[in-house]
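Survey of secondary and tertiary structure
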Amino acid sequence: MSIPEKIKELNPQSFASIIPGRMHVIDQASTDSLPAVYPVNQLADALHPAVQHVKIASVREHGSDAKSFTLVPDEAKGTRELAWFSAGQYISVFLEIGHSRLCKPYSICSGPADAAKGSYTLTVKRSAGGFASEYILNNWEPGDSIDVSAPEGTFTYEPLRDGKTVIGIAGGSGITPFHSLASAIADGLEDCNLVLLYGSRTKDSILLKEEFDALEAKSPHIQVVHVLSDEKADGFEHGFITSQLIQKYAPAGNYSIFLCGPQAMYQFADSEIAKLNLEQKWIRHELFGQFKNPESCDDYPLEAAGKTFRLTVISRDECHTVDAPAGESLLTAMERAGLLAPSRCRSGECGVCHSYLAKGTVYVPSAIDGRRAADHTYGYIHPCCSFPASDLTLEVPLA
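I will try to describe carefully the structure that is included in this document. (Residues numbered from 1 in each chain as written. Predicted model: local features only at pLDDT ≥ 70, side-chain atom pairs only at ≥ 80, totals over all residues. Heavy atoms only, no water.)

Quick notes on the environment of Leu137
Using the following cut-off: The way it works is that DSSP assigns letters per residue, a run of H or I at least four long becomes a helix, a run of E at least two long becomes a strand, and they are numbered from the N terminus. Here, residues are in contact when the closest pair of their heavy atoms is within 4.5 Å.
Positionally, Leu137 belongs in helix H5 (residues 131-139). When near neighbours in sequence (up to four residues on either side) are disregarded, Leu137 contacts Asp65, Ala66, Lys67, Phe69, Val124, Lys125 and Arg126.

Considering the packing of helix H6 (residues 176-186) against helix H7 (residues 209-218)
The relative placement of two packed helices comes down to the angle between their axes together with the axis-to-axis distance. Test applied: Each axis is a line fitted through C-alpha atoms, and for a helix only the stretch in contact is used; angles between axes span 0 to 180 degrees, taken between their N-to-C directions. By definition in this entry, angles of less than 35 degrees are roughly parallel, angles greater than 145 are roughly antiparallel, angles of 65 to 115 are roughly perpendicular, and the rest are oblique. Crossings are assigned a handedness: left-handed for a near helix turned anticlockwise from the far helix by less than a right angle, right-handed for a clockwise turn.
It is at 9 Å that the axes of H6 and H7 come closest, and there the two elements cross at 25°. It follows that H6 is roughly parallel to H7 by the angle criterion. Here H6 and H7 pass one another in a crossing that is left-handed. Mapping the contact onto sequence places Phe178, His179, Ala182, Ser183 and Ala186 in H6 and Glu211, Phe212, Leu215 and Lys218 in H7.

A look at the sheet that holds strand S5 (residues 120-125)
The line we're drawing: At least two DSSP bridges between two strands are needed for those strands to be called paired.
Reading across the sheet, the six strands line up as S4-S3-S6-S1-S2-S5 and stay open at both edges, with antiparallel pairing between neighbours. Unpaired on one side and paired on the other, strand S4 (100-107) and S5 mark the two borders of the sheet. Each strand axis lies, on average, 40° off the axis of its neighbour in the sheet, ignoring direction. Bridge count for strand S1 (residues 52-61) against strand S6 (residues 145-148) is four bridges, and the pairing is antiparallel. Bridge pairing links Lys55 to Ser145 in S6.

Remarks on the sheet that holds strand S9 (residues 222-228)
The strand order across the open sheet formed by six strands is S10-S9-S8-S7-S11-S12, and the pairing between neighbours is parallel. Unpaired on one side and paired on the other, strand S10 (237-238) and strand S12 (283-285) mark the two borders of the sheet. One ladder, built from five bridges, connects strand S7 (residues 165-171) with strand S11 (residues 256-260); its direction is parallel. Bridging across to S11, Gly168 finds its partner in Phe258. Most of the contacts of H7 go to S9, to which it runs at about 145°, and overall it touches strand S8 (193-200) and S9.

Focus on the nonpolar core
Where we set the bar: By nonpolar core is meant a set of buried Ala, Val, Leu, Ile, Met, Phe, Trp, Tyr and Cys residues that side-chain atoms within 4.5 Å join together. The classification of residues rests on relative accessible area computed with a 1.4 Å probe and restricted to protein chains. Under 20% of the type maximum is buried, over 50% is exposed, and intermediate values are partly exposed.
In terms of nonpolar packing, the biggest core is built from 48 residues, with Leu196, Ile246, Ile257 and Leu259 touching the most fellow members. Mapped by element, the contributors of at least two residues to this core are S7, H6, S8, H7, S9, helix H8 (243-249), S11 and helix H9 (263-273). Top element by residues in this core is H6. It accounts for six residues. Judged by nonpolar contacts, the second largest core, of 29 residues, contains Cys297, Ala304, Ala324 and Val362.

A word on unusual backbone geometry
In this model, Leu208 sits at a positive phi of 65°, which is unusual for a non-glycine residue. As for its position among the elements, Leu208 is in the loop between S8 and H7. One non-glycine residue with positive phi stands out, namely Asn277, at about 55°. For Asn277, a relative accessible area of 67% corresponds to the exposed category.

Overview of the pairing of strand S14 (residues 318-325)
In the sheet, strand S13 (residues 308-315) pairs with S14 via eight bridges, with the strands oriented antiparallel. Across the sheet, the residue bridging to Thr312 is Thr321, located in S14. Count of turn residues in the S13/S14 antiparallel hairpin: two residues, of which Arg316 carries a positive phi of about 55°.

Focus on empty space enclosed by the protein
Picture a little ball the size of a water molecule; that probe, rolled over the atoms, points out where space is still empty. Where we set the bar: A cavity, in this analysis, means grid points on a 1 Å lattice covering only the protein atoms where a 1.4 Å probe fits yet has no way out; a pocket is instead an open set bounded by protein on both sides within 12 Å along at least five of seven lines, and a residue lines either one if it has an atom within 4 Å of a point. Grid points are joined across faces, edges and corners, and a volume is the space filled by probe spheres set on the points. The nonpolar class holds Ala, Val, Leu, Ile, Met, Phe, Trp, Tyr, Cys and Pro. Asp, Glu, Lys and Arg form the charged class, and all remaining residues, Gly among them, are polar.
Summed over all chains, the structure comprises one cavity of 30 Å³ or more. Taken as a whole, the largest cavity encloses approximately 40 Å³ of empty space. Taken together, Ala87, Gly88, Phe155, Thr156, Tyr157, Pro177, Phe178, Leu181 and Phe258 form the lining of the largest cavity. A per-element tally of the lining of the largest cavity places H6 first, with three residues. Of the residues in the lining of the largest cavity, the class split is seven nonpolar, two polar and no charged.

Quick notes on the state of the cysteines
To keep things clear, this is the line we draw: Two cysteine sulfur atoms make up a disulfide if the distance between them is within 2.5 Å.
With the rule as written, the count across this model stands at zero disulfides. Counting only cysteine sulfurs, Cys353 is the nearest neighbor of Cys384, a cysteine outside any disulfide, at a range of 3.8 Å. Cys385 takes part in no disulfide bond, and the closest cysteine sulfur to it belongs to Cys384, at a distance of 4.3 Å.

Some points on the environment of Ala250
Mapping Ala250 onto the fold places it in the loop between H8 and S11. Along the primary structure Ala250 and Asp391 are separated by 141 residues, whereas in three dimensions their C-alpha atoms are 50 Å apart. Among all residues touching Ala250, those that are not within four sequence positions of it are Ile167 and Tyr255.

Structure representation (structure tokens):
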């Protein structure tokens, strides 16, 4: 059949012939009222709630600079169960610190089986100059009520994409999503092998060592290799996580590499992984949060360094002008000024903070520029990873 003949069959006037048949079907249909809520919508609400009201059930200290917080549903505020998540995902915590309002993501440290039993665990480590971590570690107590987001993120094991063995590379609090993955493996919820290379300064600074020892004893599919940079000890690797060390513990054949840790670790580890000549699909990066020290990037506009610019923020009918230091992201500038700006990942990936740059110039480090081509063309940015290089005007969606 030629195309013109096919088009004739699509003449809207011919559709009238199907009306009697459709009316017959309608007449035979049930007259019962439609359900007020459909099961698929109930499932969507359970998996992706707009907010989860939780309270702190317990706090466990890990030395002087880290704590684990167990969160359970705050039924008094309407949350009766916690949303399911995949090992490696994070939740964002909504905070009000003084007059600042912010949303900070933390990887869920516990396994998905714990969510089914009614709890999440977040392990927070103190970071130098960390605005949120300092507040959490100094103020959160059992019984406190907190609002958090639904689980989010893509740092998860996918058997259709990833190798049977995951080589995990972690540093500092970057250990938390790997603890979740190891828990899922031990509980039989993930079918993969985990070889974890965990970098710490000394034996005493290793985070969650006892917990990982227990998981190793529980499952033969988990191996943890501790790498100490500042001391030598029997049973521990010494130095940094290099390409040679990865090859030492990697299996024959294909394997995936998952990385989670501070910004400096990524810069070093990526240069070492490049020596392995792996296809990019075998390499997975977790978001490392707010990008720091943009002035250290080779392409940073030096004329902006050390300056403070004026940021005009337009959100629907409201307009505010705030200070925006060159070394801090636009998101941080808004939060410090007490403006409620939309955000989740704080790393340029999720797109929740997607905003229109109406006027001015920003610097976006290429390593975290997750914008689409259309964003570049039409002037949209992610404030969480954009730094002011002039006075500017930003149109921000409502949080």
